[in-house]
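Results of the structural survey
Spelled out, the chains give:
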Number of protein chains: 2
Amino acid sequence: MAVNRVGTLYGVGVGPGDPELLTLKALRVIQQVPVVFVPIPRAGAASFAGSIVEPYLDPSRQRLEKLVFAMRDDAPTMEGQWVQNARTIGAWLAEGQDAAFATEGDPMLYSTFGHIRQALGNVLPDAAVVAIPGVSSVHAAAAAALAPLADRDERVAILPAMYEGDELRSTLAAFDTVVLLKLSGAIDRVLDDLEELDLVDRAVVVSRCGWPEERIVRDVRSLRGQRIDYFSTMIVRGKGL
Amino acid sequence: MAVNRVGTLYGVGVGPGDPELLTLKALRVIQQVPVVFVPIPRAGAASFAGSIVEPYLDPSRQRLEKLVFAMRDDAPTMEGQWVQNARTIGAWLAEGQDAAFATEGDPMLYSTFGHIRQALGNVLPDAAVVAIPGVSSVHAAAAAALAPLADRDERVAILPAMYEGDELRSTLAAFDTVVLLKLSGAIDRVLDDLEELDLVDRAVVVSRCGWPEERIVRDVRSLRGQRIDYFSTMIVRGKGL
């Protein structure tokens, strides 16, 4: 009787948008597995991670499978979705096939991979899980704007701006560099805090970093009242390098 | 009369140690330029970044040049060294040749590239500078230990442990994830704080991530009193994912 080896799930960070920021390891893994899963925000939508990996796949022996991860503040629905997606992946792994879950940026930083991994632990506890780190938007934005993140004794904070309240001000005061992600809807509040702390000239916003439509805004005051692209990163340097 | 175009300096992140974590872009750039500079801590020493890039270079048309960056708390000596190294690089650029400066991890996070860039701005203001982001040890350690950095509304702090004082405790209390770099000499102090905040079971240390001698320590209490490798990263999760 054949031993039914359970496959390995690779959580693969594909970088922030520029397809050249894929690592050699990510490329090897996605070209090796028979199936690459990618998240989409709703049925029929395009996949960001999918658009990066698809050109590297061989359709004669590999499949690209989309999994819906609707983003909303409805925990039971979200959890049901994660379990359902983990079952879809688990079905491949249970056949002894390896699989990749490709995710924008890095799989451990604000990625759906964390939920998939947790749900898979219940669905198929025997499955091995391996994470392949990627270049996150934090590093890509810093490079694009030539904005140093830290030197020597400096401290960095990474915050999701849309969830920040009063603690944003104390963090801006206590850290040398603050990186703000998820700026949508929060820009005016963030600008208020920056102006109060006299840091507004020490901030830069990078939108769609590494995409053809990349935009670097150094006069961040000009963003007040504007709709900010979800894929935007603000870097605030409390002091110079 | 020929126009003497000034070359471009590429600050290239080569990742945290695993040569497969080089990006496609980093690989393209280091194979394209006639000279790749790498930092070494003292004359005659081996270069970490150099060991990653050297196998990809073509010695018949490319040179690997080592630049000494002694690490010590002596600002005038350090600055003199940065200016001297910037002049060495600037001499190539002034000839119209492009050059790469390869740096472990990411060029904007605790990298000598920041100092080279600043010194070059004085030595050769016309030189264009481009940064190629890399996978930092923060992301690599998180992937190796399968330790999530952040989800949804969570906040991450990156701190150089050896320079932290009392503020470490308040940061551990205010952030969902704290990543501690530069642990050498600081481990006992960090363990005291973790024990006081009942977080010692929520910490993991990854040393020499992606190197053959990689080591993941989940019982961090066992590190008390020990000499910790400079290339070690601690990830503390205040709450679970």
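Everything in this summary refers to the structure shown in the same document. (Residues numbered from 1 in each chain as written. Chains lettered and ligands numbered in written order. Predicted model: local features only at pLDDT ≥ 70, side-chain atom pairs only at ≥ 80, totals over all residues. Heavy atoms only, no water.)

Examining the relation of the copies chain A and chain B
Note the threshold: Here the copies were fitted onto each other by least squares, based on C-alpha atoms from residues at pLDDT of at least 70 in both. Contact between two residues is taken to exist if any of their heavy atoms lie within 4.5 Å; hydrogens are not considered.
Superposing chain A onto chain B requires a rotation of 180° together with a translation of 0.0 Å along the rotation axis, leaving an RMSD of 0.0 Å. When the rotation and shift are considered jointly, the pair of chain copies conforms to a two-fold rotation axis. In this assembly the copies share their binding face: 100% of the residues contributing to the interface of chain A also contribute to that of chain B.

Side note on helix α7 (residues 187-196) of chain B
All names here are of chain B. In plain terms, the rule: Partly exposed residues are those whose accessible area sits between 20% and 50% of the maximum for their type, while under 20% is buried and over 50% is exposed, using a 1.4 Å probe and protein chains only. The helix and strand labels rest on DSSP assignments: H or I over at least four residues marks a helix, E over at least two residues marks a strand, and numbering proceeds from the N terminus. Each direction from the helix axis to a C-beta atom contributes to the arc, which is the arc of those directions.
Among the residues of α7, Ile187, Val190, Leu191, Asp193 and Leu194 are the ones counted as buried. For α7, the arc enclosing every buried residue in end-on projection is 160°, short of the 170-degree limit, so these residues lie on one face. On its buried face, α7 sits against α6 (167-174), β7 (177-181), β8 (203-207) and β10 (232-237). Positive phi appears at Asp198, one or two residues downstream of α7, with a value of about 60°.

Points about the pattern of salt bridges
All names here are of chain A. Here is the rule we go by: For salt bridges, the criterion is a side-chain nitrogen of Lys or Arg within 4 Å of an Asp or Glu carboxyl oxygen.
Evaluation of the coordinates by the stated rule reveals 31 salt bridges over all chains. Between Glu195 and Arg224 there is a salt bridge; the shortest N-O distance is 3.2 Å. With Glu195 in helix α7 (residues 187-196) and Arg224 in the loop between β9 (215-217) and β10 (232-237), the pair connects residues that are 29 residues apart, well separated along the chain. The partly exposed category is assigned to Arg224, whose relative accessible area is 34%. With a shortest N-O distance of 3.1 Å, Arg221 and Asp201 are connected by a salt bridge. Linking Arg221 in the loop between β9 and β10 with Asp201 in the loop between α7 and β8 (203-207), this pair joins segments that are 20 residues apart in sequence.

Some points on the environment of Ala102(A)
Considering the arrangement of structural elements, one finds Ala102(A) in strand β4 (residues 99-103). Apart from residues no more than four positions distant in its own chain, Ala102(A) is found in contact with Val12(A), Val14(A), Val36(A), Phe37(A), Val38(A), Pro39(A), Ala49(A) and Val53(A).

Quick notes on the interface of chain A and chain B
Going by this rule: Here the quantity called buried area is the total loss of accessible area, with a 1.4 Å probe, experienced by two parts when brought into contact, counted for both. Polar contact is the term for a pair of N or O atoms within 3.5 Å; when the atoms are in protein, one must be able to donate a hydrogen and the other to accept it, and sequence-neighboring residues count only if both atoms are side-chain atoms. Each residue receives one of three labels: charged for Asp, Glu, Lys and Arg, nonpolar for Ala, Val, Leu, Ile, Met, Phe, Trp, Tyr, Cys and Pro, and polar for the others, Gly being one of them. By the convention used here, strands pair only if DSSP detects at least 2 bridges between them.
Taken together, the contact pairs 55 residues of chain A with 55 residues of chain B. Counting each side, the surface lost to burial between chain A and chain B is near 4500 Å², with a carbon and sulfur contribution of 58%. When the buried surface of chain A facing chain B is broken down by residue, Leu24(A), Met108(A) and Arg152(A) rank first, second and third, together holding 15% of it. Linking chain A to chain B there are six salt bridges. Among the salt bridges present, the one from Lys25(A) reaches Asp18(B), with a minimum N-O distance of 2.6 Å. Taken together, the connections running from chain A to chain B amount to 34 residue pairs in polar contact (both at pLDDT 80 or more). Secondary structure elements with two or more residues in the side of chain A that touches chain B: α1 (24-32), α4 (113-123), β5 (128-132), α5 (137-145), β6 (156-160) and α6 (167-174) of chain A. Counting residues per element, the side of chain A that touches chain B draws most heavily on β6(A), which supplies five residues. For the side of chain A that touches chain B, the per-class residue count stands at 31 nonpolar, nine polar and 15 charged. Where β6(A) meets strand β6 (residues 156-160) of chain B, three bridges bridge the pair, whose relative direction is antiparallel. The residue of β6(B) that forms the bridge with Ile158(A) is Val156(B).

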